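Examining the three-dimensional arrangement
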Amino acid sequence: SSTDQLIPADNALMAINTRLLIPWMKDRHRFVDPQFSSDFRNQDCLLKLGVKKLSTEVLFKDYVLPLPSALSDPYWQHFKPLIAAISGTSFSTDSSHALWSTLKQSKLAPDGKRDLRKACELYDHQDQIFVTAFRHQSETRFLHESVKEYRSFWLRAGLRHRVDDFINPRDYIQCLQV
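First, a word on what this report is: a plain description of the structure on this page. (Residues numbered from 1 in each chain as written. Predicted model: local features only at pLDDT ≥ 70, side-chain atom pairs only at ≥ 80, totals over all residues. Heavy atoms only, no water.)

**Re the overall build of the chain**
Per the secondary structure count, the chain includes nine helices and four strands. Counting from the amino terminus, the chain carries its helices and strands in the arrangement β-α-α-β-α-α-α-β-β-α-α-α-α. The principal-axis extents of the C-alpha atoms in the chain amount to approximately 60 × 35 × 20 Å. Buried residues in the chain amount to 40% of all 178 residues. Looking at the chain alone, contacts between residues at least 24 apart form 68% of all its contacts between residues at least 6 apart. Counting every atom, the chain has about 10,300 Å² of accessible surface; 50% of that belongs to carbon and sulfur. (Helix = DSSP H or I, 4+ residues; strand = E, 2+ residues; numbered from the N terminus. Buried < 20%, exposed > 50% of the residue type's maximum accessible area, 1.4 Å probe, protein only. Contact = heavy atoms within 4.5 Å. Areas by Shrake-Rupley, 256 points an atom, 1.4 Å probe, with all protein chains shown as cover.)

Spelled out as structure tokens, the structure:
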């Protein structure tokens, strides 16, 4: 672990998706070094010693969340790879619905100021109506530039957007009130 703290094997944890291991996560010191645990021979040995292997869903829900409300520079460098890992993960069907519900309720979406918000508090940066209406408030109304490429993930996580070419009336009123 990063703090060089020794713990018994039956108290140690191993991540299936090591890209979700971030410095500020809960109990980070309990996770086996991903470089070591990624070797299948080492994994087998660790499991026989009693190390618990966590699914992506459990790791994310119980250890990664909640995220800090704002990300300082040292944490920010780990954030985009985290979003890349989450957006590229296929969650098992059993826990998929519950996990997406958790994602929608989590402050996971960084705005232009790097403050984390729920995705439903931000607007689709590819919709010309939103872009025009919020052109003077882009830092607080849209995703941070560095995570816009994961748009399909953000839409699924609740980013405000048109559904079947219709804008939600509340969103349209927001556009008119600026």
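**Thoughts on the nonpolar core**
Ranked by internal contacts, the top residues of the largest apolar core, which has 39 residues, are Leu-59, Leu-67 and Trp-154. Sorting the residues of this core by element identifies strand 1 (13-15), helix 3 (56-64), helix 4 (73-87), helix 5 (93-105) and helix 8 (151-157) as the ones contributing at least two each. When residues in this core are grouped by element, the largest group, seven residues, is from helix 4. By size, the runner-up hydrophobic cluster in this structure holds six residues, among which are Tyr-123, Phe-130, Phe-134 and Ile-167. (Core = buried A, V, L, I, M, F, W, Y, C linked by side-chain atoms within 4.5 Å.)

**Things to note about the packing of aromatic side chains**
For the structure on display, the rule yields nine aromatic pairs. An angle of 45 degrees between the planes, with centres 4.7 Å apart, marks the rings of Trp-24 and Tyr-75 as tilted. A residue pair is termed long-range when its members are at least 10 positions apart, and Trp-24 in the loop between strand 1 and helix 1 (34-37) and Tyr-75 in helix 4 qualify at 51 residues. Ring centres of Tyr-123 and Phe-134 lie 4.6 Å apart, and the angle between their planes is 40 degrees; on these two criteria the pair is classed as tilted. Here the residue Tyr-123 occupies a position in the loop between strand 4 (116-117) and helix 6 (128-133), and Phe-134 occupies one in the loop between helix 6 and helix 7 (138-141), the gap between them amounting to eleven residues. Comparing Tyr-123 with Phe-134, the two get one shared label, buried. (Phe/Tyr/Trp six-rings, centres within 6.5 Å; stacked < 30°, edge-to-face > 60°.)

**Re unusual backbone geometry**
The peptide bond linking Leu-65 to Pro-66 adopts the cis configuration, its omega dihedral lying at -5 degrees. Note on placement: Pro-66 falls in the loop between helix 3 and helix 4. Within the chain, Asp-27 stands out as a residue other than glycine whose phi angle is a positive 55 degrees. Looking at the secondary structure, you find Asp-27 in the loop between strand 1 and helix 1. Taking relative accessible area as the criterion, Asp-27 reaches 26% and is therefore assigned partly exposed. If you check the backbone angles, Arg-114 has positive phi at about 70 degrees while not being a glycine. Mapped onto the secondary structure, Arg-114 falls in the loop between strand 3 (109-110) and strand 4. With relative accessibility at 22%, the residue Arg-114 sits in the partly exposed group.

**What to know about helix 2 (residues 40-48)**
Among the residues of helix 2, the N-terminal cap falls to Asp-39, whose side-chain oxygen and the backbone nitrogen of Arg-41 are separated by 2.8 Å. Gly-50, located one to two residues past helix 2, shows a positive phi value of around 105 degrees. (Polar contact = N/O pair within 3.5 Å; in protein donor to acceptor, adjacent residues only side chain to side chain.)

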